[in-house]
Amino acid sequence: MDKRVTVLMPNGRRQNVSVRADMTLLEILETACAKHGYDSEEHCLKFHNKDVSLTQQFRFSGLPNNCVLEMEPTDKRRPVSNVMVCIQLNDGSREQGEFVPSTNVWTVVNKLCSSHLEEYESPVIIYMRSEVIGVEKMRETTLKSLGILEGRAMMRLIDKKPEDLKKQANVYKPAVVKDTVKDDDLPSTSRSVTGPSGTGGGGFAITNDLLKSLKRTAPNESSTSKPEPEVPAETKTQKSEPEQPKYDWGSGSGYQLHNQNNEARYEDVADEQFVKKPPIVNIIGPRNAIVFSLDAAHRHNDELPDSFFDLTVNDLKMVLRDLKRTASGTEDAPLLTSNLRELERQKAMLAKLNQYKDCVLRIQFPDRHVLQGIFKPHEVLDKVVEFVRGFLATPSEKFQLFTIPPKKILPANETLLELNCVPNAVLHFLFINEKLNAKTNKFLQDKYIAQLTSEEGALFAVQKYRIAKAGVSSS
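All residue numbers refer to position in the chain's written sequence, counted from 1. The predicted origin of the model limits local features to residues at a pLDDT of at least 70 and limits the giving and counting of side-chain atom pairs to 80 or more, whereas totals for whole chains, interfaces and linings rest on all residues. Remark: hydrogens and water are excluded; side-chain values derive from all non-hydrogen atoms of the structure.

- Under the annotation held in an unreviewed UniProt entry, the protein chain carries the name Tether containing UBX domain for GLUT4 and is attributed to Drosophila arizonae.

## Digging into the pairing of strand 16 (residues 399–403)
Then step 1. Each pair of strands is called paired provided DSSP finds at least two bridges between the two strands. Counting from the N terminus, the helices are DSSP H or I runs at least four residues long and the strands are E runs at least two residues long. Pairing between strand 16 and strand 18 (residues 424–431): 4 bridges, direction antiparallel. Bridged to L401 within strand 18 is F429.
Then step 2. Sheet topology places strand 16 next to strand 17 (residues 408–409); 2 bridges connect them, and they run antiparallel. Following the sheet pairing, F402 is matched in strand 17 by I409.
Then step 3. The antiparallel hairpin formed by strand 16 and strand 17 contains 4 residues in its connecting segment.

## Observations concerning the sheet that holds strand 10 (residues 152–159)
Then step 1. Strand order in the open sheet formed by 5 strands is 7-6-10-8-9, and the pairing between neighbours is mixed. A single partner strand is all that each edge strand has here, and the edge strands are strand 7 (94–99) and strand 9 (130–133). Within this sheet the neighbouring strands show an average axis-to-axis angle of 25 degrees, counted without direction.
Then step 2. Inspection of the sheet shows strand 6 (residues 83–88) paired to strand 10 by 5 bridges, in the parallel sense. In the sheet register, I87 faces strand 10, and the bridge partner there is M155.
Then step 3. Residue contacts follow a heavy-atom distance rule, with two residues in contact if any of their heavy atoms lie within 4.5 Å. Between the N-to-C directions of two axes lies an angle of 0 to 180 degrees, each axis being a line fitted to C-alpha atoms and, for a helix, fitted only over the stretch in contact. In the packing of helix 3 (residues 105–112) onto the sheet, the strands contacted are strand 6, strand 7, strand 8 (123–127) and strand 10, and the crossing angle to strand 7 comes to about 125 degrees.

## Quick look at the nonpolar core
Then step 1. Take the buried Ala, Val, Leu, Ile, Met, Phe, Trp, Tyr and Cys residues and link them wherever side-chain atoms come within 4.5 Å; each set so joined is a nonpolar core. Exposure classes here rest on a 1.4 Å probe applied to the protein chains alone. A residue is buried below 20% of its type maximum, exposed above 50%, and partly exposed in between. With 33 residues, the main nonpolar core has L361, I363, F365, V384, V388, L401 and F429 as its most contacted residues.
Then step 2. Secondary structure elements with two or more residues in this core: strand 14 (359–364), strand 15 (369–375), helix 11 (381–389), strand 16 and strand 18.
Then step 3. Tallying contributions element by element places helix 11 first for this core, with 5 residues.
Then step 4. Excluding residues that lie within four positions of it along the chain, F429 makes contacts with I363, Q364, F365, P366, V388, L392, F399, Q400, L401, F402 and F443.

## Thoughts on the sheet that holds strand 17
Then step 1. The strand order 13-15-14-18-16-17 describes an open sheet built from 6 strands, whose pairing is mixed. The sheet is open, and its two edges are formed by strand 13 (290–293) and strand 17, each paired on a single side.
Then step 2. Bridge count for strand 13 against strand 15 is 4 bridges, and the pairing is antiparallel. Note that in strand 15 the partner of S293 across the bridge is H369.

Right, here's the structure in full:
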């Protein structure tokens, strides 16, 4: 179906313009102006009283077919500025330079990639899904016709024949079906797990063959129990030994300490000879301040056997339960007004304030040193700024704290609870003066760098502090 737009001219007439998918809105404006004798440099296009970008292609502009665009005069003539054009070659290298929008594509390619053109039999330029094939087509196409009027633009120079560009890459080839297949081996129709409303539940499908295999692997409670083989006493002792407690930093939305069973298990292990010595913790200031380096941290990831990733019956039940909860939650969730959403946010903040009496903040510096401190949820960010300033090598310099991703500079007058820093958060540090943010620059004082604690020690300090707080509150 042919696509076209209607341009409402300043003289009250309507002009129909046939458009292509790769046609820029500037070409539509120039076509309409040429038929009625207007200067395209002194006019602009609007859609629903909003200016549209003339550099966009029609396929990316979001304009519907048969839409009506208003052409109106601008306050001043459209300025012409140089554009920065960057061309990426097949080997990944890039060449860039400045050109005026009226320059044709072949001139740009010949100037930036003259030493590489001998390697290309049939050069092709690709820009925003627009393909300029061949030298003649490049000489006829200008940067302005591609929508490059200002700023920067990125192009790709490839070596492909025109017939190769029409071939689709990574085409799926169906597997060859065997001729002799038994009826019992044919897989049954899969039934997707859905919620109460019958909608999809995350793309998880279960077949009858999978259920049969799970039933075969499930333990039979009615079967007679076989006598267990004798196990040496040393092996039983090794199996009965409890695991060492691990100090988990947790996630920003729900950090939880070990429960009472874990604490009791840790006390039992402490009575034995195989207990691991707690790491050394160096408290260097108020708020249980600790400094450690991410470069010096050694993380030992235990290698898990392949059997750990096998799907069991209990794992399947938990997956089905979570999928049903997700499906029912998305379908039955009511629409909330802004007041109700604000009320829900206040309830969540009160729940956090009731559950967590303090929060742990880690301030990461560009040299990968981390300063850790413990604060109250109702304290404002100014308290954190004063805390950090006491450890800086240049405390007189102004700095800012932000979170990523995305980068959000935190306001100093809001509380840690409002900034979603409870129960813990990682804040990043930057000086206002960019020259001081080099990794080779000293951010913390030397006397604190000399008292580094390991990352495991920082986790242990938080664990110990919160256990002590929990014991005091319970007593």
